[in-house]
Each structure stands twice: as structure tokens, then as C-alpha cells.
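The chain contents come next:
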Amino acid sequence: MRDNPLTRLTAWLVIGLALLLVACAPPAPTDAGSAATVEAITSTGLPPDHTPPPTAALPTPTPLPASPGELSISELKYRLLAEFPDIFFCDRDFYPLPLGDEMELALQRFAELQANPEEFDAILAHNDLAGLGKFSDEQKLLIYREHKQLAAIRFEPTASGYQFQLQVAKTGGGAKLSGERISGLIDSQGAITVQERKATIATCPICLAAGTLIDTPSGPLPVESLRPGTVVWTLDRAGVRVAQPLLRTGSTPVPDTHQVVHLVLDDGRQLWVSPGHPTADGRRVGQIQVGGALDGAAVLSAERVTYSGYATYDLLPAGETGFYWANGILIASTLGEDNNWTRKNAEGR
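Residues numbered from 1 in each chain as written. Predicted model: local features only at pLDDT ≥ 70, side-chain atom pairs only at ≥ 80, totals over all residues. Heavy atoms only, no water.

The backbone phi angle of Asp128 is positive, close to 55°, even though this residue is not glycine. By the element assignment, Asp128 lies in the loop between α4 (117-126) and α5 (137-151). Even without glycine at this site, Asn327 takes up a positive phi of about 50°. With relative accessibility at 23%, the residue Asn327 sits in the partly exposed group. (Helix = DSSP H or I, 4+ residues; strand = E, 2+ residues; numbered from the N terminus. Buried < 20%, exposed > 50% of the residue type's maximum accessible area, 1.4 Å probe, protein only.)

As C-alpha cells, then:
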């Protein structure tokens, strides 16, 4: 029989297909009791002398130097007192009228001062009193006077410290001392920057509150807006209202403790003015009592209130009297060199 190549090829294909079916068949199931074998995966350890490559570390930030501690408000004020030792302020225990014996006032307020440890401890430290548990009356008076001096420095907080304002007096004779009003910045570390030095008269504020309206031919104007030459209404000796230019204007810085008298008259007029300001009839505002009279009206209220402004203001019109109308109330000026006419006028009434 002749060998047919096609027949041999077919046979080989059948054999290959059979082998392929056997290889792809699923494995025979194992017995239920037999355990499956899991091949453990192991890793080859590094040789003992192998050093792993260094890991790139994140850069460590350089620590900022610790900033010095900020000074307390009282310590900052003591820095200013060291820089400006000739501070001038009006002691309300004596101005405009004495409130009583200063020693008695110091003893009465001592517990109140102790209740403010920030200021109290600073005062003790600057007067060699730190560590004392008991204080003599003289030491209490010293602490009280230091408190009043610190209170005379006006502070307003800023982003980096405080805006300050104070007044200093220059030594010299005469009833009125020349002085300076100094304002500037002090940072939390005590560095002082002076922004303005303005010549003043070192005198206690006996003037009008900011915002007081002064009668003028052009209508009422705020007292702080007036300048020498501005025309205002005044009164001559015959009692006739006349227009006169201003000869002088002035302002006096005040401490945080300054008080003004809030006058209320029965016709609706009101005025906020320092207790020492003179009236047109020769009195001081601090002497006015409820039930009395002022500028033709009865006084309903004469209450002392804390003043929140930076300064008080006054003016002196030309003419015979120096009188002017403030919030519609006739008063005298503190800026005249001679107020004899006012006193004589009062004596004749």
C-alpha cells in the first residue's frame, strides 16, 4: 500500500489534538481530608556588609530667635517718664477745687490700686517696695501719687504698640509755665518715636469740651475749628451783642481722668465744660449748684462726668469783656490777661 502523505498529516493532527485536551483538562479533585500545600515566599537578605543608600531628608527649618517679652502698659509708661521726667498734669484731688486731704484719699483708694496688679507691681518695682506684705501710710501715699502720674499719660493701642500723648513743663517763674505737648509712638519693647512737639502753656484744662458750638455771624461753629481772626458774637459792657474777631484760641491736653461738668438748664440748653471755667457772672462752673441760675435760666443738673476727648478748648474774642456764647450759654474766657471787668461786673449784681 502506497504511503499517503495526507494520511500521515491527518494522523499527526489527531494525536496533537488529543495531547492538547489532556493538558488543558482540570486537575483531579483532592480528597476532603487532604491539606492544601502553600509554598512560602522568601526573600534573600542583604549581605551583612551592605549599607542601604541614604534617604533624602526634608530640610529642617532654622528656628527663629525667641523675641523678648513685651513690656506691660505701666512699664511702657515708666519708659516715657524716664524720657520725659518733667511731666505736667492736673491733679484732680486739688483741681479745680480740693477734694479732701490727699493722705485720706490715698488710704481710701489703696484697695482699688491693689486690685490692678499690673500697675501695682510696676509701681512697687520702681520704688523699691517689691516683696513687701504691709505698707505704711507714707508708702501708700507714694503709691497713690505714682498711680496719678501714670494715669496722666494717654495711651491708644496701635498695631505694634501705643500712640502716646503727654505734656511737660519747663522750669521758670511766673504764674504760667511754658511747656510742650509731646505725642508719638512707643512699641511693645519700649522704643520711643516722637512725632510732634508743640509749644503750650502748662496749665490745667479749664475749657470747653470738643464739639461745643460757638455762636458766630455765620452760624454755630465747633470750638476746635476756630482760629484767630474768626468772627464770633461777643458782648460789650453795655450788654449789646456785637461781632468781633478772635484774638486767640487755645487747647489743653487732658489726662484720662479729667472730668467736665455737664450743665443742663431748664430751657433745654446744655454745656460740657471744665469745672474751673469762668462764667460771665464771675463764678467757676464747679461752683454752680442745682436750683441756681445761669444766663437767665435755672440749673436742672450740674453733674461731673469723665471726659473722653483728647483736649479742651477756649477762645478770646476782641472787645471789652471776652464773653462768648457756647452752646447758647454766655460764658467768659480763660485766655484774657485781665478778667477784672468780669469780677467787678459780678460784684455789682
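Between helix α3 (residues 102-114) and α5, the least distance of the axes is 9 Å, while the angle of their chain directions is 75°. By the angle class used here, α3 and α5 are roughly perpendicular. Listed contacts from α5 to Glu102, Met103, Leu105, Ala106, Leu107, Arg109, Phe110 and Leu113 of α3 are Asp137, Glu138, Lys140, Leu141, Ile143, Tyr144, Arg145, His147 and Lys148. Of the residues assigned to the contact of α3 with α5, the class counts are 9 nonpolar, 1 polar and 7 charged. (Axes fitted to C-alpha atoms, helices over the stretch in contact; angles between N-to-C directions. Parallel < 35°, antiparallel > 145°, perpendicular 65-115°, else oblique. Contact = heavy atoms within 4.5 Å. Nonpolar A, V, L, I, M, F, W, Y, C, P; charged D, E, K, R; others polar.)

Further remarks concern the confidence of the model for the protein. For the protein, the mean per-residue pLDDT works out to 79, and 73% of the residues sit at or above 70. Across residues 17-67, where pLDDT falls below 50, the model places 0 contacts with residues more than four positions away in sequence or in other chains. Within the model, pLDDT remains below 50 along residues 337-349, and this stretch shows 14 contacts once partners closer than five positions in the same chain are excluded. (pLDDT = per-residue confidence, 0-100.)

On to the sheet that holds strand β9 (residues 259-265), then. An order of β10-β9-β12-β11 is seen for the 4 strands of this open sheet, with the pairing classed as antiparallel. The sheet is open, and its two edges are formed by β10 (270-273) and β11 (293-294), each paired on a single side. Relative to β10, β9 is paired through 4 bridges, and the arrangement is antiparallel. Looking across to β10, one finds that Val264 is bridged to Gln270. (Pairing = 2+ DSSP bridges.)

Before going further, it helps to spend a moment on the sheet that holds strand β7 (residues 231-235). The strand order β7-β8-β13 describes an open sheet built from 3 strands, whose pairing is antiparallel. Every interior strand has two partners, whereas the edge strands, β7 and β13 (311-317), have only one. Pairs of neighbouring strands in the sheet enclose a mean axial angle of 50°, with direction left out of account. Of the pairings in the sheet, the one linking strand β8 (residues 241-253) to β13 comprises 7 bridges and is antiparallel in character. By the bridge assignment for β13, Gly250 is matched with Asp314.

Before going further, it helps to spend a moment on the nonpolar core. With 28 residues, the main nonpolar core has Leu80, Ile143, Phe164 and Leu166 as its most contacted residues. Put simply, the parts of the chain that give this core at least two residues each are α2 (73-83), α3, α4, α5, β2 (161-169) and β3 (177-187). Residues Ile214, Leu226, Val261 and Val299 belong to the second largest nonpolar core, which totals 21 residues. (Core = buried A, V, L, I, M, F, W, Y, C linked by side-chain atoms within 4.5 Å.)

Applying the stated criterion across every chain yields a total of 9 salt bridges. With a shortest N-O distance of 2.7 Å, Asp91 and Lys148 are connected by a salt bridge. Taken together, the residues Asp91 in the loop between α2 and α3 and Lys148 in helix α5 connect sequence positions 57 residues apart. Across this residue pair, the class does not change: Asp91 and Lys148 are buried. The shortest N-O distance in the salt bridge between Arg283 and Asp281 comes to 3.0 Å. Of the residues examined, Asp281 reaches a relative accessible area of 22% and is grouped as partly exposed. Shared partners join several salt bridges into a network, and the residues in it are Asp91, Asp93, Glu102, Arg145 and Lys148. (Salt bridge = Lys/Arg side-chain N within 4 Å of Asp/Glu carboxyl O.)

What follows deals with the environment of Arg227. With respect to the helices and strands, Arg227 occurs in the loop between β6 (221-222) and β7. Along the chain, Arg227 and Gly250 lie 23 residues apart, while their C-alpha atoms are 8.9 Å from each other. Those residues in contact with Arg227, other than ones at most four positions away along the chain, are Leu246 and Thr249. Of note is the side chain of Arg227, whose polar atom sits 3.0 Å from the backbone oxygen of Glu224. (Polar contact = N/O pair within 3.5 Å; in protein donor to acceptor, adjacent residues only side chain to side chain.)

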